[in-house]
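Residues per chain, in single letters:
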Amino acid sequence: MKRAPGRGRSSTVVGLVLLAVMLFPVYWTVNASLQPAGNTLQGGWFPSHPDLSGYVTALRDQGGNLVTSLVVSLGSVVLSLGLAAPAAHALAHFPLRGINLVLFGILVAQMVPSIAVANALYGAYQDLGLLNSYAGLVLADSTAGVPFAIIIMRSFMRSIPREIIDAARVDGAGRLRVFRSVVLPMSTNATITAAVFTFLFTWSDFLFALTLTTTDTVRPITLSIYEYLGAHTNQWNAVMATSVMASVPAAVLLVVAQRRVASLI
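Residues numbered from 1 in each chain as written. Predicted model: local features only at pLDDT ≥ 70, side-chain atom pairs only at ≥ 80, totals over all residues. Heavy atoms only, no water.

S.K.: Please explain the pattern of salt bridges as it appears in this structure.
M.R.: A side chain of one charge can pair with a side chain of the opposite charge if their charged atoms are brought near each other. Here the structure, examined in full by the defined rule, presents 4 salt bridges. Here Asp 216 makes a salt bridge to Arg 219, at a shortest N to O gap of 2.9 Å. Using a relative accessible area of 61% as the deciding quantity, one classes Asp 216 as exposed. The class for Arg 219 is buried, based on a relative accessible area of 9%. For the salt bridge of Arg 219 with Glu 227, the shortest nitrogen-to-oxygen distance reads 2.5 Å. A relative accessible area of 37% places Glu 227 in the partly exposed class. Each of Asp 216, Arg 219 and Glu 227 takes part in a single network of salt bridges with overlapping partners. (Salt bridge = Lys/Arg side-chain N within 4 Å of Asp/Glu carboxyl O. Buried < 20%, exposed > 50% of the residue type's maximum accessible area, 1.4 Å probe, protein only.)

S.K.: How should I be thinking about the layout of surface pockets in this particular structure?
M.R.: It is the rolling of a water-molecule-sized probe over the atoms that shows where space remains empty. Estimates place the volume of the largest pocket at around 280 Å³. Lining of the largest pocket is provided by 14 residues; of these, Val 112, Ser 114, Thr 143, Ala 144 and Phe 208 occupy positions nearest its centre. Looking at the lining of the largest pocket residue by residue, the classes come out as 8 nonpolar, 4 polar and 2 charged. (1 Å grid on protein atoms, 1.4 Å probe; cavity = no way out; pocket = protein on both sides within 12 Å on 5 of 7 lines; lining within 4 Å. Points joined across faces, edges and corners; volume = space filled by probe spheres on them. Nonpolar A, V, L, I, M, F, W, Y, C, P; charged D, E, K, R; others polar.)

S.K.: So what exactly am I meant to see when it comes to the packing of helix α5 (residues 134-157) against helix α8 (residues 188-203) here?
M.R.: In a packed pair of helices, the relevant descriptors are the angle between the two axes and the axis-to-axis distance. α8 packs onto α5 with a crossing angle of 160° between their chain directions and a minimal axis gap of 9 Å. With respect to each other, α5 and α8 are oriented roughly antiparallel. At the point where α5 passes α8, the crossing takes the right-handed sense. Contacts from Asp 141, Ala 144, Gly 145, Phe 148, Ala 149, Ile 152, Met 153 and Phe 156 of α5 reach α8 at Ala 190, Thr 191, Thr 193, Ala 194, Phe 197, Thr 198, Phe 201 and Thr 202. Taken together, the residues of the contact of α5 with α8 sort by class into 10 nonpolar, 5 polar and 1 charged. (Axes fitted to C-alpha atoms, helices over the stretch in contact; angles between N-to-C directions. Helix = DSSP H or I, 4+ residues; strand = E, 2+ residues; numbered from the N terminus. Parallel < 35°, antiparallel > 145°, perpendicular 65-115°, else oblique. Left-handed = near helix turned anticlockwise from the far one by under 90°. Contact = heavy atoms within 4.5 Å.)

S.K.: Help me out: how do you make sense of the environment of Ile 99 in this one?
M.R.: Structurally, Ile 99 is set in helix α3 (residues 99-111). Residue classification places Ile 99 among the buried positions, given a relative accessible area of 15%. The residues contacting Ile 99, other than those within four sequence positions of it, are Leu 91, Phe 94 and Arg 154.

Below, the structure is given as structure tokens:
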């Protein structure tokens, strides 16, 4: 049954309108970042004379915080995948008792409010000297990354034919060799998907950054933007430029990894 041409055009128009509505904040942020310093709400719809002074100010004030977020995010990805990959493999292929109970515990861990985790970690970090540290933020952000990565990777690893693993074992490969040389290469899409979302969780984290950092020594970009608003309310171009720069790594990562994520879905 062929689709009516008019209905197809209507769906396209509705889709374009919805896309425009969703992308308008992005457009306005970029537009505002290219306006001269001051109240950018009075700026035009298009910057006829783009001014990069906002980016210069943002790089000067927030460059170090962007690097901090990048270090913490990459560290959280490495730690989360380092713990989640072998755990997912064990839960998918080992004949362990109580696997359903373990999976239920992982799901429950995902549902625990972040504020409860942050408050619990604050007291422990104060005793361990992990406040205002990269390691502390990496560990905290991994509490969200590890459960998610386990769920994603286990679901994919279960689809790997058992015959392939048995063939590797017959050829003399041990459990570690099977995991490293067979399971992980076949789970590339799941691993990349887990890494992307773990990076996004960490990059956009605000609560752990607010709770577990009390000085300017280690300050992720999400928290610094929040505080930047109060200090630069008359320099909206710098504030918007900071927002644009903070969005670029996540956007680039999604564009690069979209095929891997789509193939997994």
